[in-house]
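# Report on the structure
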Amino acid sequence: MTKIYIVLLSSFLCATNIFAQDASSDTAPPALRAEFSYLCDQINNLQGGIKKGSVFLGMASLRLNFDTEKAHLWKGGNFFLHAANIHGKSPSENLLGDMQVASNIDAGNHTYVQELWYSQTIGNTELILGLQDLNAEFANTEYGSFYMNSSFGIMPLISNNLAAPIFPLTTLGFTVKWHINQKLTWLNALYDGCPSDFDTNPYNLSWKFSPGDGLLTVSELQYNLASDKLPGTYKLGIFTHNHILEQTLGIDIPQAKESSVLGFYAHADQILWHKDDRFFALFAQLGYSPTPDCVNNYYFGLGLNYQGIFSPPGKDMLGIAIAHERLCEFETAETTWEFSYRYDFSAHFFVQPNLIHIVHPLGTGEVLANSTSLNLRLGLSL
C-alpha cells in the first residue's frame, strides 16, 4: 500500500513540475497535464432503511494526460492514467439499504488504477486501447452527472445485470469512435467480460483474459445538436454480455453453463431555455433488457436542472431527479428521488447539499421502510 502512495505522489509531483515548465512557455501548451481532485460525502440517514446514522466517504483522484503531438513525437496520440483512492463506510450497505447505491463514490477502501489507456486519432476516427471505464464513453448523461445517486451516472440495467467495467473496477477493452459528421458519432467497444475483484487484483494492475470471462460488446449512436439554438445530445445503445458460469460436481467433473444478457438503452440531454450562462435543462434515461433471468429488466431516470437560479450566472445549479428500477425477483420496484443544489465558490471548490428519498429500498433482499437522508458533498480540484 505504501508503495502505491509513493508512486501516486511521485507521479503527481513530476507531472506538476513538467506542467509548470511547459506552462511558462508562451509558444505551446503543455504536453503533460495533471489534475488532482477530491470528493467527499457526509451521508445522514434520518429515517427508514436499515437504521438511522451518519457515515463519511471520500475519493481522491489523480489524472495524467500525455499528448504526443504537443510533445512533438507524432500526431493524434494520447496516453491517459487515472489513479484513485477511495475510503469510508458505505451508506447503502450500512444505513440506507438501497439497490441503486446512493453515493457514486461508494466502493469500499482501495488504492488502485481506474483507467490506463492509449488513444490514436486517424482522420475522423479515434481508437482507444487499454484499461477503460465503459461509463466514460458509453451510457452517460451530461446533466445526470450533477447528481449523487449512482443510477444517474450508469443505469442499473448495466451495473446490476453484468460485471461491467465501471467504477471502481475496469477491464481491458478496445473502443472505436467514428465521427461521421459534426452531429453524428458512432461508438463501438469490446471488453473483457469479467473484471477481477479487489481480493485477487487489489490495485487493478494484474490483467488477464480467461476463456470463461466471455466478452462484453457495446454499440452506441450519438446525435449532437450542439450548434443549434437549444443544444442537446441524444444517444441510443445496445449491449451484449456473455461469460461462462462454472459449476463443479463432485471432485473432478467440471460443467460449464453460458450466461448471456442483452440490453437496450436511450439517453437524452436537452437545453429547454438559456440566456447567457443561465439555462434550464432536462435529462432522461431509459433501459430495457428482454433477458428472462436478468436482475433488472427495466429502468428509467429523469431530471430537471437550472443553472444560475440564485447566484450570478454559472455559479450554482438546482436540480430534481428520479431513478426507478424494477427488479425481476421482486413484485415492487425501487424508486429514488434526489433534490440537489450546488454552489461553485471558485473553479476549484464547490459545496453540494442534497436530499435523497428512497421508496422501497431493496438492497438487502427484502423491502425496507422508505429512507430519507440529508447529505453534503464537497469537491476540490487542482
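Basis of the calculations
- Residues numbered from 1 in each chain as written.
- Predicted model: local features only at pLDDT ≥ 70, side-chain atom pairs only at ≥ 80, totals over all residues.
- Heavy atoms only, no water.
- Helix = DSSP H or I, 4+ residues; strand = E, 2+ residues; numbered from the N terminus.
- Buried < 20%, exposed > 50% of the residue type's maximum accessible area, 1.4 Å probe, protein only.
- Contact = heavy atoms within 4.5 Å.
- Areas by Shrake-Rupley, 256 points an atom, 1.4 Å probe, with all protein chains shown as cover.
- Phe/Tyr/Trp six-rings, centres within 6.5 Å; stacked < 30°, edge-to-face > 60°.
- Lys NZ or Arg CZ within 6 Å of the ring centre and 35° of its normal.
- Salt bridge = Lys/Arg side-chain N within 4 Å of Asp/Glu carboxyl O.
- Lys, Arg positive; Asp, Glu negative; His and termini not counted.
- Polar contact = N/O pair within 3.5 Å; in protein donor to acceptor, adjacent residues only side chain to side chain.
- pLDDT = per-residue confidence, 0-100.
- Core = buried A, V, L, I, M, F, W, Y, C linked by side-chain atoms within 4.5 Å.
- Pairing = 2+ DSSP bridges.

### Digging into the overall build of the chain
When you go through the chain residue by residue, the secondary structure sums to four helices and 16 strands. The 382 residues of the chain split such that 47% are buried. Taking the intrachain contacts of the chain between residues at least 6 apart in sequence as the baseline, contacts between residues at least 24 apart amount to 61%. A total of about 18700 Å² of accessible surface is found on the chain, and carbon and sulfur atoms cover 62% of it.

### Focus: the packing of aromatic side chains
Taken as a whole and judged by the stated rule, the model has 16 aromatic pairs. Measuring from ring centre to ring centre gives 6.4 Å for W178 and W186, while their planes differ by 45°; the resulting arrangement is tilted. According to the relative accessible area criterion, W186 is partly exposed, its value standing at 36%. A network of ring pairs unites the aromatic residues F146, Y147, F152 and F283 as a single cluster. It is R342 that lies over the ring of F350; its NZ or CZ is 3.6 Å from the centre.

### What to know about the pattern of salt bridges
Scanning the entire structure with this criterion turns up four salt bridges. Notably, a salt bridge pairs D41 with R377, separated by 2.7 Å at the nearest N-O pair. Remark: R377 occurs in strand β16 (residues 371-381) and D41 occurs in strand β1 (residues 32-47); sequence separation between them is 336 residues. Residue E137 pairs with K177 through a salt bridge whose shortest N-O separation is 3.2 Å. Taken as a pair, E137 in helix α3 (residues 134-137) and K177 in strand β6 (residues 171-179) lie far apart in primary sequence, 40 residues in all. Neither residue differs from the other here; E137 and K177 are each classed as buried. Connected through shared salt-bridge partners, E126, E137 and K177 make up one network.

### Some points on the side chain of D269
Secondary-structure assignment places D269 in strand β10 (residues 253-275). In this structure D269 is buried but unpaired, with K235 as the nearest side chain of opposite charge at 5.4 Å. A distance of 2.9 Å separates the side chain of D269 from the backbone nitrogen of E142, its partner in a polar contact. There is a polar contact of 3.1 Å between the side chain of D269 and the backbone nitrogen of Y143. Here D269 is in contact with T141, E142, Y143, G144, P231, G232, T233, L282 and F283, once residues within four sequence places are set aside.

### Quick word on the environment of G319
Tracing the sequence through the fold places G319 in strand β13 (residues 316-327). Separated by 19 residues in the primary sequence, G319 and E338 place their C-alpha atoms 8.1 Å from one another. Apart from the residues within four sequence positions on either side, G319 is in contact with F146, Y147, L304, N305, E338, F339 and S340.

### A look at the confidence of the model for the chain
Summary statistics for the chain give a mean pLDDT of 89 and a share of 88% for residues scoring 70 or more. Contacts for the low-pLDDT stretch residues 246-256, under 50 throughout, to residues beyond four places or in other chains number nine contacts.

### Description of the nonpolar core
The nonpolar side chains of a soluble globular protein tend to be buried, and buried together. If you look at the biggest cluster of nonpolar residues, it comprises 30 residues, and the most contacted ones within it are L134, F138, I158, V218, F239 and Y265. Counting only elements with at least two residues in this core, the list comes to α4 (156-159), β7 (184-192), β8 (215-224), β10, β11 (278-288) and β13.

### Thoughts on the side chain of T68
Locating T68 in the fold gives a position in the loop between β2 (53-67) and β3 (77-88). The buried category is assigned to T68, whose relative accessible area is 0%. For T68, the contacting residues outside a window of four places in its chain are L73, W74, G76, G77, N78 and F79.

### A few points about unusual backbone geometry
Between F167 and the following residue, P168, the backbone shows a cis peptide bond with an omega angle of 5°. The backbone phi angle of H72 is positive, close to 65°, even though this residue is not glycine. Along the chain, H72 turns up in the loop between β2 and β3. Positioned with a positive phi, N204 is a non-glycine residue whose angle comes to about 55°. Its location among the elements puts N204 in the loop between β7 and β8.

### A few points about the pairing of β16
The two faces of a sheet get side chains in turn, since along a regular strand they alternate between them. Judged from the ten bridges that link them, β1 and β16 form a sheet pairing that is antiparallel. Note that in β16 the partner of N45 across the bridge is S373. Both strand β15 (residues 349-359) and β16 contribute to a ladder of ten bridges, which runs antiparallel. Bridged to H357 within β16 is T372.

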